[in-house]
Amino acid sequence: TQAAAAITVRTTCPYCGVGCGILATPQADGSVAIAGDPGHPANFGRLCSKGTALGETLSLTDRLLRPRIEGREAHWDEALDLVAGRFREAIQAFGPDSVAIYGSGQLLTEDYYVANKLMKGFVGSANIDTNSRLCMASSVAGHKRAFGSDTVPGNYEDLEAADLVVLVGSNLAWCHPVLHQRLLAAKARRPQMRIMLIDPRRTVSAELTDLHLPIQPDGDIALFVGLLRHLAAAGAATDFASKYVVGTDGAVAAAAAWDIARVTEATGLAPTDLETFYRWFAETERVVTVYSQGVNQSATGTDKVNAIINCHLLTGRIGRPGMGPFSVTGQPNAMGGREVGGLANMLAAHMDFSPETIERVGRFWKAERMAETPGLGAVDLFAAMAAGRIKAVWIMGTNPVVSMPDADAVRDALKACPFVVVSDMTERTDSAQLAHVLLPAAPWGEKDGTVTNSERRISRQRAFLAPAGQAKPDWWIITQVARRMGFGAAFPYETPAEIFAEHARLSGFENEGRRDFDISGLLGENYDLLEPVQWPVREKSVERLFADGGFYTPDGKARMLPIEPPPVLNPAPGRMVLNTGRVRDHWHTMTRTGKTARLSAHYAEPFVEIHPEDARRLNIRKASLVRLARGDSETVVRALLSERQRKGSVFAPMHWTGQFASKGRIDALVAAKVDPVSAQPALKMSEVTVEPW
Ligand code: SF4
């Protein structure tokens, strides 16, 4: 690596949605010393194993250092002309919806903003979706149904101030480790604080909880509908609900049939455990319910989110310290992506597609051709590609050939697509191997911008290394292509600061408090010196969202929804339920974490976790190789026998790719089933066969 200067730079971790502040100090020998930033309010100096090892991931091995066209090195001008030309030709011949961008929660807000503006204001298509669809689309949809806006109401301090923290479908200890550390430190200070976990697996997060409910897969809705019934019967409804919430009666009526016996049947939980949970929730004022991918990555993910939010709205446990529903995002900038409209069904600055907002955003952008309807979500996007309807696609900073459900079909769709562009830091991802044009994107450490973490806190990522080779920031690459497509007047950007300022202006444009996302109060701040800050940042600062209602619905009231639990999932004979997820020390498809032996030592190869009784029944021995299959897709991985695993289900990590293990691509086995409201895939709920290899 090339050290720019031996000074310490304050930046933000590129991994999970906790968004820890980092101090990066390039050393004379080319290495970079990494430490937690004691002044950052997300982590106060703490880091987890992944953050601590960041300095070991900066080597140039594997880096894509120059543009490539069909495998040969090319000049930037040639590559950019080709991309702009092929996109323009496809649009002219087949219309705006024949092109697409598939981005990533790893992109910085400025990158995202420019990509979104290009597609939705100038190409005239909303076919820009991102891997955030796989991560938190159900939370977005649930928030919007309940609050009228995609608003995470609380902050990290609420977890520390709560008397009961309910983790639902969240292995916080591994997936948001520093937040977990903060939670445990709070419990050490206040031992009366209760922490409980609702998860089919007894994960590491269960170790330090007061109660673990090993729920049946997708039993969450029945659990929370039963809780709502209990709360209503216990007289826990509050003035808050009567003043600021609509739909209370309908939601409670829909829950009427869900007594303990029925919830027991739908969740597989012991009645005594259910009663304990319901009693704790009812008697505790300060409750935070933290939920993550076990909730979101489901065919009923949005209903799960609303079933949880219903319980907080009925009891008024929202908008005050130490309470609220709290979605923790997986990626470092999934929230920033949401803020600029980085999903196919969002326009910009938390605005949807309505005639009024299309007109407003179009006027602000001086758009040439506004998208007028939502575009294709990730699963539909690759299905449209497989059907030949997408003629040119640009993939930015993500690896859908590994991470999308039905990943073999996604690989085949990309192989058949006439023009595939990939911008990334490496050419060795499975998706980059299928690109016609490869563009070297500057990675973390070499570029500047902002990210937003799970508690709505915007932080700067700052460069501390000179760009390697000819790598360029994503916003620059997109701007150059936009100019070559003839949209130069609207893409004058020379720095990310200019883009951020435009984004901030748009957030306040004709807003007047009608939309939650407003950072117009940051205009005039020095971008380089920007301190971590929670939105909204209006002229008049907002201390706490929803303290006195003030929801972003037309009447200012929140919505409780009647939610019906789905039928209990019974896998077909001979099948097991496959649950996919993360391990502690790897990130996504290991582009960065795979570079350090220290992180790879935790789990050195892909595996499947299986209950010992299931293993005995299937004649699978400890540490033997196991074949998992669905249709024509299969993987072969190592068997880990563990009583942490629920009987009838198996767990396999999502990280391994064709690069690291030829048969480790677990998402090839995940069916492309999505939540009908959020279009988020059910990545935790596929039926597979499991047998010795
Ligand atoms: Fe990075 Fe998340 Fe670890 Fe913090 S908790 S250091 S943001 S991976």
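Keep in mind it's a predicted model, so treat the numbers as computed, not measured.

**Quick look at the nonpolar core**
Move 1: Formed by 128 residues in total, the largest nonpolar core has its most connected members in Val114, Ala115, Val393, Val420, Val421 and Val608.
Move 2: Of all the elements, helix α3 (residues 109-123) adds the most residues to this core, at 8 residues.

**Some remarks on the site of the ligand**
Move 1: Among the 14 residues in the neighbourhood of the ligand, the closest are listed as Cys13, Cys16, Cys20, Cys48 and Gly51.
Move 2: For the shell around the ligand, the secondary structure elements donating two or more residues are α1 (49-52) and α7 (177-189).
Move 3: In terms of residue class, the shell around the ligand is built from 9 nonpolar, 4 polar and 1 charged.

**A look at the domain arrangement of the protein**
Move 1: The domain architecture assigned to the protein consists of domain 1 (9-57), domain 2 (68-135 + 332-509 + 517-534), domain 3 (137-328) and domain 4 (576-692).
Move 2: On a C-alpha basis, the centroid separation for the pair domain 3 and domain 4 is 27 Å.
Move 3: Residue-level contacts link 23 residues of domain 3 with 23 residues of domain 4.
Move 4: No other element matches the 4 residues that helix α4 (residues 137-147) contributes to the side of domain 3 that touches domain 4.

**Comments concerning the sheet that holds strand β25 (residues 649-653)**
Move 1: Reading around the circumference, β21-β25-β22-β24-β23-β26 is the order of the 6 strands in this closed barrel, with mixed pairing throughout. Sheet twist, expressed as the mean angle between neighbouring strand axes with direction ignored, is 45 degrees.
Move 2: Where strand β21 (residues 576-581) and strand β26 (residues 686-692) come together, 3 bridges link them in antiparallel fashion. Along β26, the bridge assignment pairs methionine 576 with valine 688.

**Concerning the packing of α3 against helix α21 (residues 496-508)**
Move 1: Contact geometry for α3 and α21: axes closest at 9 Å, N-to-C directions at 65 degrees. Looking at the two axes, α3 sits roughly perpendicular to α21. Between α3 and α21 lies a crossing of left-handed hand. Facing α3, whose interface residues are Thr109, Glu110, Tyr113 and Val114, α21 presents Pro496, Ile499, Phe500 and His503.
Move 2: When the residues that make up the contact of α3 with α21 are grouped by side-chain class, the tally is 5 nonpolar, 2 polar and 1 charged.

**Some thoughts on the pairing of β25**
Move 1: Of all 5 residues in β25, 4 are buried, a share of seventy percent or more.
Move 2: Relative to β25, β21 runs parallel, the two sharing 5 bridges. Bridge pairing in β25 links asparagine 579 to phenylalanine 651.

Procedures and definitions
Residues numbered from 1 in each chain as written. Predicted model: local features only at pLDDT ≥ 70, side-chain atom pairs only at ≥ 80, totals over all residues. Core = buried A, V, L, I, M, F, W, Y, C linked by C-beta atoms within 7 Å. Buried ≥ 20, exposed ≤ 12 C-beta atoms within 10 Å, placed from the backbone. Helix = DSSP H or I, 4+ residues; strand = E, 2+ residues; numbered from the N terminus. Near = placed C-beta within 6 Å. Nonpolar A, V, L, I, M, F, W, Y, C, P; charged D, E, K, R; others polar. Domains from an automatic or database assignment. Contact = placed C-beta atoms within 7 Å. Pairing = 2+ DSSP bridges. Axes fitted to C-alpha atoms, helices over the stretch in contact; angles between N-to-C directions. Parallel < 35°, antiparallel > 145°, perpendicular 65-115°, else oblique. Left-handed = near helix turned anticlockwise from the far one by under 90°.

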